[in-house]
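As a plain string of letters, each chain reads:
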Amino acid sequence: MSRTIPASTQQQKLFSDTLARIATKVAQDEKAIGVDFPQLTAPDGSWVTLPASLSAGYSGKAWSHGNWFCGFWVGLLCASYLRTEDKRYLGWMRERMRLVAQRASDTNTHDIGFIFDSSAIPAYHVTGDSWYADIALQAADKLRARIVNTRSGSYLASWGPLSDDRARCSSAIDTMANLPLLYWASRYSGDASYQLAAEAHAQMTAKGFIRADKSTYHAVEYDTVTGERVRGYTFQGFADESAWSRGQGWAIYGYVISARETGKAEYLRLAEQLADYYLMRLGNRQIPPYDFDATGEDAKILDTAAAAVVASALIEMGRIHPDAAAGERWGLRGCEMLEGLCREAFASEDAHRGALKHSCYSRPHNEGVDSATMFGDFFFVEALSRVALPGGLRPEHCEEIA
Ligand code: GLY
């Protein structure tokens, strides 16, 4: 089951034009940024860049995510090629992928899913070149190897190498959006163990992260023997018990993809409940605060990346939903959010090099607050592509959901 996205003619044009404008920016930046990769925009709108090789790690007790942004740039090059048919983007994409490929053997982070699901998989889909698929499969092996088996379930550890006890017990809601790499690997290789690992993680996350009101924890520390939650806490949100809007987005996204890949209605139901919570807290806005429970001045800090992730997830949920009326509703709401992003947050000024202004990477660390973020730009482009270039950036398939 798969249906057309219910975007109006006006929205179709807006989304297609926005993709073209992003492609122009990407081509300009590609020539200016050297071998490093855009991460966040500085207050003057210029890109802060990082080398692809920068891995994650602990410095004392402090965790640093490293460069998990590099794959998204490859994804933007790929979408820009699709929108413009200008072959220069394909050349850039291949050169960039050579730099990103070294991270396919990285055992430090669950973000390996983000890095390769946004780069090698779209590049393989667009070019059919198995060089990209081989890299994606190598990365999927490393993600699958992060599985921690407990008496009550299994999860993919998030932060650090498994030889480190702090890493083994850590799980983040973001991992839900890393699962697509495993689902892809299962389908591509015919080895179901990738999907089994992804599903085990999705099921353990449903038990460990989702609160009674359907909001989510950002992070959970598990007892690595029993699998019980020792504590729920935050790393980038406002407070341990608060609702970090991007985390809610990662959860919605991950369960939509889990439903699409497995055909299991329980994942779709979860995605809908999580989305209902998000929409209830959002009210009549299109862009959420970085945390729905932030107070004082912090309540004014927006996160357009969260909106982009949710818009992409809702549009996909609308496409795959077995109930036509529900599918239409989700698709319409996703397109409305995307239109809001184009109209309220697109960086049309030349000095601002990102696509989406007003994202928030991490308020507690004061990093990338009110910036463009490379992941926000990627999920924005993914959502735009779902409508304006259907089936272009990613395969359009869906197991029958029952
Ligand atoms: N690490 C994923 C995020 O910042 O949302």
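Bear in mind that the values here come from a model prediction, so they are computed numbers and not experimental data.

Draft legend 1. Spotlight on the packing of aromatic side chains. As enumerated under the stated definition, the model contains 28 aromatic pairs in all. An angle of 80° between the planes, with centres 6.4 Å apart, marks the rings of Y124 and W184 as edge-to-face. In this pair, Y124 is assigned in helix α5 (residues 120–127) and W184 in helix α8 (residues 179–189), connecting sequence segments 60 residues apart. Take Y124: its relative accessible area is 24%, and that puts it in the partly exposed class. Arranged with centres 4.7 Å apart and planes meeting at 10°, the rings of W184 and Y188 form a pair that is stacked. Highlighted residues: W184 and Y188, both in helix α8, separated by four residues, approximately one helical turn. Of the aromatic side chains, those joined through ring pairs into one cluster are W68, F69, F72, F114, W250, Y253, Y361, F375, F378 and F379. One Lys or Arg, K25, reaches over the ring of F346 and ends 5.5 Å from the middle of that ring. Sitting over the ring of Y194, R144 keeps its end group 4.1 Å from the ring centre.

Draft legend 2. Molecular detail of the site of the ligand. H65, W68, D174, Q236, W244, R246, W250 and Y361 make up every residue found near the ligand. One nitrogen or oxygen atom from the side chain of D174 is found 2.8 Å from a nitrogen atom belonging to the ligand. Within the side chain of Q236, a nitrogen or oxygen atom sits 2.8 Å from an oxygen atom of the ligand. Class assignment of the residues belonging to the shell around the ligand gives a composition of four nonpolar, two polar and two charged.

Draft legend 3. View of the layout of surface pockets. Of the volumes computed, that of the largest pocket is approximately 240 Å³. Around the largest pocket, the lining is made up of 16 residues, and of these I121, W184, R260, P395 and H397 lie nearest the centre. The set of elements that each furnish at least two residues to the lining of the largest pocket consists of α5, α8 and α10 (245–262). Among the elements that line the lining of the largest pocket, the one with the most residues is α8, at five residues. A breakdown of the residues in the lining of the largest pocket according to their chemical character gives nine nonpolar, two polar and five charged. By volume, the second largest pocket amounts to about 200 Å³. In terms of lining, the second largest pocket is formed by Y58, K61, W63, W159, R166, C169, S170, E221, R231, Y233 and F235. Residue composition of the lining of the second largest pocket, by class: six nonpolar, one polar and four charged.

Draft legend 4. Up close: the side chain of D303. Counting through the fold element by element, D303 comes out in the loop between α11 (265–282) and α12 (304–320). Here R246 takes part through its side chain, which lies 2.8 Å from a polar atom of the side chain of D303. Polar side-chain contacts of D303 include one of 3.2 Å to the side chain of S359. For D303, the residues in contact, after removing those within four places along its chain, are S245, R246, I287, P288, P289, Y290, H358, S359 and C360.

Draft legend 5. Molecular detail of the UniProt feature "binding site: substrate" (unreviewed entry) in the chain. Taking the UniProt record as the reference, the feature "binding site: substrate" (unreviewed entry) is found at D111, D174, G232, T234, R246, W250 and S362. In this structure, D111 sits in the loop between α3 (88–100) and α4 (112–117). On the basis of relative accessible area, D111 is assigned to the buried category, the value being 1%. Excluding residues within four positions of it along the chain, D111 makes contact with H65, W68 and N178. For S362, the position within the fold is in strand β10 (residues 359–362). According to the relative accessible area criterion, S362 is buried, its value standing at 2%.

Draft legend 6. A look at the pattern of salt bridges. Using the criterion set out here, one finds 30 salt bridges in the structure. For D86, the salt bridge identified is with R88, shortest N-O distance 2.9 Å. Relative accessible area serves as the criterion here: at 25%, D86 is assigned to the partly exposed category. A salt bridge links E396 to R319; the nearest nitrogen and oxygen atoms lie 3.6 Å apart. A residue pair is termed long-range when its members are at least 10 positions apart, and E396 in the segment after α14 (374–388) and R319 in helix α12 qualify at 77 residues. Residue E396 is classed as partly exposed on the basis of its relative accessible area of 41%. Through salt bridges with shared partners, one network takes in D117, R187, R260, E261, E316, R319, E382, R386, R394, E396 and E399.

Draft legend 7. Quick look at the packing of helix α9 (residues 193–208) against α11. For the pair α9 and α11, interaxial distance at closest approach is 12 Å and the crossing angle is 45°. Judged by the angle between their axes, α9 and α11 are oblique. Considering the relative orientation of α9 and α11, their crossing is left-handed. Contacts from E199, A202, Q203 and A206 of α9 reach α11 at E266, Y267 and L270. Of the residues belonging to the contact of α9 with α11, the class tally is four nonpolar, one polar and two charged.

Reading guide: rules and limits
Residues numbered from 1 in each chain as written. Predicted model: local features only at pLDDT ≥ 70, side-chain atom pairs only at ≥ 80, totals over all residues. Heavy atoms only, no water. Phe/Tyr/Trp six-rings, centres within 6.5 Å; stacked < 30°, edge-to-face > 60°. Helix = DSSP H or I, 4+ residues; strand = E, 2+ residues; numbered from the N terminus. Buried < 20%, exposed > 50% of the residue type's maximum accessible area, 1.4 Å probe, protein only. Lys NZ or Arg CZ within 6 Å of the ring centre and 35° of its normal. Near = heavy atom within 4 Å. Polar contact = N/O pair within 3.5 Å; in protein donor to acceptor, adjacent residues only side chain to side chain. Nonpolar A, V, L, I, M, F, W, Y, C, P; charged D, E, K, R; others polar. 1 Å grid on protein atoms, 1.4 Å probe; cavity = no way out; pocket = protein on both sides within 12 Å on 5 of 7 lines; lining within 4 Å. Points joined across faces, edges and corners; volume = space filled by probe spheres on them. Contact = heavy atoms within 4.5 Å. UniProt positions renumbered as here; feature names shortened; annotations may be inferred. Salt bridge = Lys/Arg side-chain N within 4 Å of Asp/Glu carboxyl O. Axes fitted to C-alpha atoms, helices over the stretch in contact; angles between N-to-C directions. Parallel < 35°, antiparallel > 145°, perpendicular 65-115°, else oblique. Left-handed = near helix turned anticlockwise from the far one by under 90°.

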